[in-house]
Amino acid sequence: MKAVVPKQPGGPEVLEYVDVPDPEPGPGEVVVDVAATAVNRADLVQRAGHYPPPEGASEILGLECSGTVHALGEGVEDSEYVGIGREVCALLAGGGYATKVAVPAGQLMPIPDGVDLVTAAALPEVAATVWSNVMMVAGLRAGDTFLVHGGAGGIGTFAIQLARALGARVLTTAGSPEKLDLCRELGADVAIDYREQDFVEVVAEVTDGHGADVILDNMGASYLARNVDTLATEGRLVVIGFQGGSTAELDLRTLFRKRAAVISTGLRSRPVSEKTTICGAVAEHVWPLVADGTVRPMIGHTMPLAEAAEAHRLMESGGSTGKILLVV
Ligand SMILES: NC(=O)c1ccc[n+]([C@@H]2O[C@H](COP(=O)([O-])OP(=O)(O)OC[C@H]3O[C@@H](n4cnc5c(N)ncnc54)[C@H](OP(=O)(O)O)[C@@H]3O)[C@@H](O)[C@H]2O)c1
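Reading the values: the criteria
- Here the residue numbers are simple positions, counted from 1 along each chain's written sequence.
- In keeping with the model being predicted, local features are shown solely for residues with a pLDDT of at least 70 and side-chain atom pairs are shown and tallied solely at 80 or more, while totals for entire chains, interfaces and linings include all residues.
- Hydrogens and waters are ignored; side-chain quantities use all the structure's heavy atoms.
- The aromatic pairing rule takes the rings of Phe, Tyr and Trp, using the six-membered ring of Trp, and pairs them if the centres are within 6.5 Å, calling planes under 30 degrees apart stacked, those over 60 edge-to-face and the rest tilted.
- Strands here mean DSSP runs of E at least two residues long; helices mean DSSP runs of H or I at least four residues long; both are numbered from the N terminus.
- Each residue's exposure class comes from its accessible area (1.4 Å probe, protein chains only) as a fraction of the maximum for that residue type: buried when under 20%, exposed when over 50%, partly exposed otherwise.
- Note that the domain bounds reflect an automated or database-derived domain assignment.
- Between two residues, a contact is recorded if the distance between any of their heavy atoms is within 4.5 Å.
- Throughout, the accessible surface (probe 1.4 Å) given up by two parts as they are put together, summed over both, is called the buried area.
- Only one rule defines a salt bridge in this text: a Lys or Arg side-chain nitrogen within 4 Å of an Asp or Glu carboxyl oxygen.
- Pairs of N or O atoms within 3.5 Å make up the polar contacts considered here, provided that, within protein, one atom can donate a hydrogen while the other can accept it, and that residues adjacent in sequence are counted only when both atoms are side-chain atoms.
- Basically, the charged four are Asp, Glu, Lys and Arg, the nonpolar ten are Ala, Val, Leu, Ile, Met, Phe, Trp, Tyr, Cys and Pro, and anything else, Gly included, counts as polar.
- For this purpose, a residue is taken to be near a molecule or strand whenever a single non-hydrogen atom of the residue falls within 4 Å of it.
- Only buried Ala, Val, Leu, Ile, Met, Phe, Trp, Tyr and Cys residues count toward a nonpolar core, and they belong to the same one when joined by side-chain atoms within 4.5 Å.
- When DSSP finds two or more bridges between a pair of strands, those strands are recorded as paired.
- Inter-axis angles, ranging from 0 to 180 degrees, are taken between N-to-C directions of lines fitted to C-alpha atoms, where helices are fitted over the stretch in contact.
- Any angle that falls under 35 degrees is termed roughly parallel, while one over 145 is termed roughly antiparallel, one within 65 to 115 roughly perpendicular, and all others oblique.
- By definition, turning the near helix anticlockwise from the far helix through less than a right angle yields a left-handed crossing, and turning it clockwise yields a right-handed one.
- Buried and open spaces are told apart on a 1 Å grid over the protein atoms alone, a cavity being a set of points where a 1.4 Å probe fits but cannot get out and a pocket being an open set with protein on both sides within 12 Å along at least five of seven lines. Residues with an atom within 4 Å of a point are the lining residues.
- Grid points are joined across faces, edges and corners, and a volume is the space filled by probe spheres set on the points.
- Defined by distance alone, a disulfide is two cysteine sulfur atoms within 2.5 Å.

Student: What should I look at first to understand the packing of aromatic side chains in this one?
Tutor: If you walk through the whole model with that rule in mind, you get one aromatic pair. Judged by centre distance (5.0 Å) and plane angle (50°), the rings of Phe199 and Tyr223 are tilted. Pair noted here: Phe199 is in helix H5 (residues 199-206) and Tyr223 is in the loop between strand E11 (212-217) and helix H6 (224-230), with a separation of 24 residues, a long-range link. Pair check on accessibility: Phe199 and Tyr223 agree, each one buried.

As structure tokens, this is what we get:
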């Protein structure tokens, strides 16, 4: 099969489109003929040599895909979701930048009604990340104030729509007037220009001092203290990215006074059993909202898989909104 493989750690130029051996399905796995995959920020970090795949995962980049089930491994029953020839999308620990990938059967999800096979590749990672963190970890409720940083990105565009659909008031940050407009179009009640405005002040102002009940954060260290300042009493800050570094100092008395929580989670390294639970919850709770058009997949760019290096340059430049798809 063909796959995109970094020839060494480095910039986008190290990505090569090469022939590699086909994957074999292990026990409990299926092999999918990939129709499309999507670029995630973690792929850039892995390519640079700073985010090795978890033990046992493919060395090939790619955390999600859509495609057609090609082969079933030992112990996998032919069923409604996983039968040979079924169209599916999947959450992967790696291996998506390829024409075939092996994946645990529990990490397959059906294609939401009304979504075409290629577009479905943009959904598994954002849906699983946002649902697991915002609902399962932070317990967002209707009427809560929700702040998501980077509202025009892959995670952000999905989080705005989902939180809005669940009845939250949605606040977000983005880095240009066009991106702020996109966030408002997607349902953000308040969009804050992180280059021009102080989100701590704006959130305090628009919530009459209440703050955010739940924050989904991609920045990590550089926003930690300000995020905690922005939390409401009993608020939950979930850090899912370290774009602003991973080491910071925090005055714990702010958390103490607010009875607030700071949580950080990664999806990729979770055990298959947890990913299976998350994928099941996504199919049950999120896919109906996608099928009825309440939550739309946001695709900024679509490119051939062989041009993965260009796709990485685009994500690094900050010039895209929503997801970047790579089509086989
Ligand atoms: N923990 C997990 O399991 C998990 C899973 C998936 C993703 N993630 C993380 O989630 C984050 C978003 O991923 P993605 O795929 O959505 O990437 P993406 O599409 O490249 O989005 C990155 C976002 O970062 C925003 N940003 C940059 N500087 C910022 C700042 N100073 N303040 C606020 N926002 C800023 C960008 O906003 P502008 O474009 O408006 O400048 C953009 O929206 C990444 O850090 C990724 O590693 C974590």
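Resuming the write-up.
Student: Help me out: how do you make sense of the domain arrangement of the chain in this one?
Tutor: Think of interface size as the accessible area that goes away when the parts come together; that is how it is often given. For the chain, the domain assignment lists domain 1 (2-123 + 268-327) and domain 2 (127-264). Summarising the inter-unit geometry, the C-alpha centres of domain 1 and domain 2 are found 26 Å apart. The partner domain 2 presents 18 residues to the 21 residues of domain 1 that form the contact. Between domain 1 and domain 2, the buried area comes to about 1,600 Å², and carbon and sulfur atoms account for 72% of it. Applying the counting criterion to the domain 1 and domain 2 interface returns zero salt bridges. Viewed at the interface, domain 2 and domain 1 are joined by four residue pairs in polar contact (both at pLDDT 80 or more). The element contributing the most residues to the side of domain 1 that touches domain 2 is helix H8 (residues 272-291), with eight residues. Considered class by class, the residues forming the side of domain 1 that touches domain 2 number 10 nonpolar, seven polar and four charged.

Student: For this particular structure, what's the right way to read the site of the ligand?
Tutor: Lining the immediate environment of the ligand, one finds 23 residues, of which Arg41, Ile155, Lys179, Tyr194 and Tyr223 sit closest. Side-chain polar atom of Asn218 to an oxygen atom of the ligand: 2.9 Å apart, as the coordinates give it. At 2.7 Å from an oxygen atom of the ligand is found a side-chain nitrogen or oxygen belonging to Gln243. Secondary-structure elements contributing two or more residues to the shell around the ligand are helix H2 (124-137), helix H3 (154-165) and strand E9 (169-174). A breakdown of the residues in the shell around the ligand according to their chemical character gives eight nonpolar, 11 polar and four charged.

Student: Explanation requested: the nonpolar core in the structure shown.
Tutor: The tendency in soluble globular proteins is for nonpolar side chains to be buried as a group. Counting 49 residues, the largest nonpolar core has Phe146, Phe158, Leu162, Leu216, Val282, Val286 and Trp287 as the members making the most contacts within it. Elements represented by at least two residues in this core include exactly strand E5 (87-91), H2, strand E8 (145-148), H3, E9, helix H4 (177-186), E11 and H8. Looking at which element gives the most residues to this core, the answer is H8, with nine residues. Looking at which domains feed residues into this core, each of domain 1 (2-123 + 268-327) and domain 2 (127-264) supplies at least three. If we skip the residues at most four places from it in the chain, Phe146 touches Val134, Leu140, Ala159, Ala163, Ala168, Arg169, Val170, Leu171, Val214 and Leu216. In terms of nonpolar packing, the next biggest core, distinct from the first, is built from 20 residues, Ala3, Val4, Ala98 and Met315 among them.

Student: Please explain the sheet that holds E11 as it appears in this structure.
Tutor: In a beta sheet, neighbouring strands pair by backbone hydrogen bonds and run either parallel or antiparallel. If you walk across this open sheet you meet the six strands as E10-E9-E8-E11-E12-E13, and the pairing is parallel. Of all the strands in the sheet, just strand E10 (190-193) and strand E13 (261-264) have a single pairing partner and so form its edges. On average, each strand axis in the sheet is inclined to that of its neighbour by 15°, with strand direction left out of account. As paired strands, E8 and E9 are joined by four bridges and run parallel to one another. Bridge pairing in E9 places Phe146 opposite Val170. Here H4 sits on the sheet in contact with E9 and E10, set at roughly 165° to E10.

Student: I would appreciate a short explanation of the packing of H2 against H3 in the present structure.
Tutor: Packed helix pairs are specified by the crossing angle of their axes together with the interaxial distance, meaning the distance between the axes. Interhelical geometry of H2 versus H3 gives an angle of 55° and a closest axis separation of 9 Å. Relative to H3, the element H2 is oriented oblique. As for the relative orientation of H2 and H3, their crossing is right-handed in sense. Across from Val126, Ala127, Thr129, Val130 and Trp131 in H2, the residues of H3 making contact are Gly154, Ile155, Phe158, Ala159 and Leu162. The residue makeup of the contact of H2 with H3, split by class, is eight nonpolar, two polar and no charged.

Student: When you look at the layout of surface pockets in this model, what are you seeing that I'm missing?
Tutor: Unoccupied space between atoms shows up once a probe the size of one water molecule is rolled over them. Taken as a whole, the largest pocket holds about 1,300 Å³ of empty space. Considering the residues around the largest pocket, the lining is formed by 50 residues, among which Arg41, Ile155, Asn218, Gly241 and Gln243 are closest to the centre. Of all the secondary-structure elements, those providing two or more residues to the lining of the largest pocket are helix H1 (41-47), H2, H3, E9, E11 and helix H9 (308-317). Split by residue class, the lining of the largest pocket holds 20 nonpolar, 22 polar and eight charged. A domain split of the lining of the largest pocket shows at least three residues from each of domain 1 (2-123 + 268-327) and domain 2 (127-264). In this structure, the second largest pocket spans a volume of roughly 440 Å³.

Student: I'm lost on the state of the cysteines in this one. Help?
Tutor: Note on terminology: disulfide describes a covalent bond linking the sulfur atoms of two cysteines. Applying the stated criterion across every chain yields a total of zero disulfides. Cys89 forms no disulfide, and the closest cysteine sulfur to it belongs to Cys65, at a distance of 8.1 Å. Of the residues examined, Cys89 reaches a relative accessible area of 0% and is grouped as buried.

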